[in-house]
Structure formats: C-alpha cells, structure tokens
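Each chain, written out:
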Amino acid sequence: MDFRDFLDEIDRQTEPGLAVHVICDNLFAHKAPVVHRWLLAHPRFQLHFTPTYSSWINQVGRWFAELEQRCLERGVHCSLDALKADLEGWIKIWNENAKPFKWTKTADQIIDRICRYCSRISEPAH
C-alpha cells in the first residue's frame, strides 16, 4: 500500500464530518504531486511533519521518556493491577492536558553537543 492508498483507506473508514490529522516523517512520498492533489481535494486532511532529521519514532521515544520520568521512575507498584492503574491514570491526565512537543534545539546545536560529549568521554582519564 502506498501513501495515497493509505489516505484513501483512512478517508473511507473515518466519519465524513471529522477532521483528520496525520503525523508524517519527512519522506518524499508525502510530498509527491499525486498526494498534493489528493489533499487539495480532501481539505479535512491535514498533514503534520516531524522536524527535518527527525522521525516519528523519536516522538514516541520522547513520550515514553516522559512516562518513565513522571510516572514510573520513583513509583512503587505492589501488583500488576496497581501498575496498570497508575499508567492509565497518568495517560488520562497527559491526554487531558496534551500539548505538542516543541523542538528547541537546531540540528547543529544537537550535533555540537554530541561532539563535545564524545570528545569528553574519549579523552584519557586522569
């Protein structure tokens, strides 16, 4: 299934009055002329792109980092049911107050920081 077929499938399975938001990475398939024409004919669809040099999986990973840091890191769960209840409660609160992740660093800033870190850890120990 190509991206255009995927959009057709979503269009068929989604109630006509609903807006459809699709999160995409930056692959060229989403920017092909056939997709552009299809989107013009289906204005309820809106594409959102992850930052260049990023991927949707980074967004998912970032969300799980939030889950770990804010829900699991210092939690005490005496049973699977208690863990499940805490996770579901945290996710409910997260969704009620949902905000998009905002990327605050440029690719150059991130690469510079990685280079500094690599230099630091590769130096001989004193």
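The coordinates are above.
Now for a description of the structure that goes with this document. (Residues numbered from 1 in each chain as written. Predicted model: local features only at pLDDT ≥ 70, side-chain atom pairs only at ≥ 80, totals over all residues. Heavy atoms only, no water.)

Attention now moves to the overall build of the protein chain. Check the secondary structure of the protein chain and you find 5 helices and 2 strands. Along the protein chain, helices (α) and strands (β) appear in the sequence α-β-α-β-α-α-α when read from the amino end. Here the protein chain, with 126 residues, has 19% of them falling under the buried criterion. Pairs at least 24 residues apart make up 64% of the contacts formed inside the protein chain by residues separated by at least 6 positions. Of the roughly 10300 Å² of accessible surface on the protein chain, 58% is carried by carbon and sulfur atoms. (Helix = DSSP H or I, 4+ residues; strand = E, 2+ residues; numbered from the N terminus. Buried < 20%, exposed > 50% of the residue type's maximum accessible area, 1.4 Å probe, protein only. Contact = heavy atoms within 4.5 Å. Areas by Shrake-Rupley, 256 points an atom, 1.4 Å probe, with all protein chains shown as cover.)

Only one face of strand 1 (residues 20-24) is buried: it carries Val-20, Val-22 and Cys-24, and the other face, with His-21 and Ile-23, is open. Judged from the 5 bridges that link them, strand 1 and strand 2 (residues 45-49) form a sheet pairing that is parallel. Counted as the bridge partner of Val-22 is Leu-47 from strand 2. (Pairing = 2+ DSSP bridges.)

Okay, the packing of aromatic side chains next. With the rule as written, the count across this model stands at 5 aromatic pairs. Ring geometry for Trp-90 and Trp-94: centres 5.2 Å apart, planes at 25°, overall stacked. One end of the pair, Trp-90, and the other, Trp-94, are both in helix 4 (residues 80-96), 4 residues apart, so they sit about a helical turn from each other. Judged by relative accessible area, which is 12%, Trp-90 ranks as buried. (Phe/Tyr/Trp six-rings, centres within 6.5 Å; stacked < 30°, edge-to-face > 60°.)

Across soluble globular proteins, you tend to see nonpolar side chains buried next to one another. In terms of nonpolar packing, the biggest core is built from 11 residues, these being Phe-3, Leu-7, Val-20, Val-22, Cys-24, Ala-32, Val-35, Trp-38, Leu-39, Phe-45 and Leu-47. When contributions to this core are tallied by element, the ones reaching two or more residues are helix 1 (3-13), strand 1, helix 2 (33-41) and strand 2. (Core = buried A, V, L, I, M, F, W, Y, C linked by side-chain atoms within 4.5 Å.)

Before going further, it helps to spend a moment on a nonpolar patch on the surface. On the surface, a cluster of nonpolar side chains totalling about 260 Å² of accessible area is made up of Ile-57, Val-60 and Phe-64. Along the polypeptide, Phe-64 turns up in helix 3 (residues 56-72). (Patch = residues over 30% accessible without salt bridge, like charges linked within 9 Å, V, L, I, M, F, W, Y side chains within 5 Å. Salt bridge = Lys/Arg side-chain N within 4 Å of Asp/Glu carboxyl O.)

In this section: helix 1. Along helix 1, the residues classified as buried are Phe-3, Leu-7 and Asp-8. The buried side chains of helix 1 occupy one side of the element, clustering within an arc of 145° when seen end-on. Facing away from the buried surface of helix 1 by more than 90 degrees, the exposed residues are Arg-12 and Gln-13. Contact partners of the buried residues in helix 1: strand 1, helix 2 and strand 2. Between the side-chain oxygen of the N-cap and the backbone nitrogen of Arg-4 there are 3.3 Å, and the N-cap of helix 1 in question is Asp-2. (Arc of directions from axis to C-beta. Polar contact = N/O pair within 3.5 Å; in protein donor to acceptor, adjacent residues only side chain to side chain.)

Moving on, we get to the pattern of salt bridges. With the rule as written, the count across this model stands at 8 salt bridges. Between Arg-62 and Glu-66 there is a salt bridge whose closest N-O contact spans 2.5 Å. Remark: Glu-66 and Arg-62 occur in helix 3; sequence separation between them is 4 residues, near one turn of the helix. For Arg-62, a relative accessible area of 36% translates into the label partly exposed. Of the charged contacts in the structure, one is a salt bridge between Glu-96 and Lys-92, with a shortest N-O distance of 3.3 Å.

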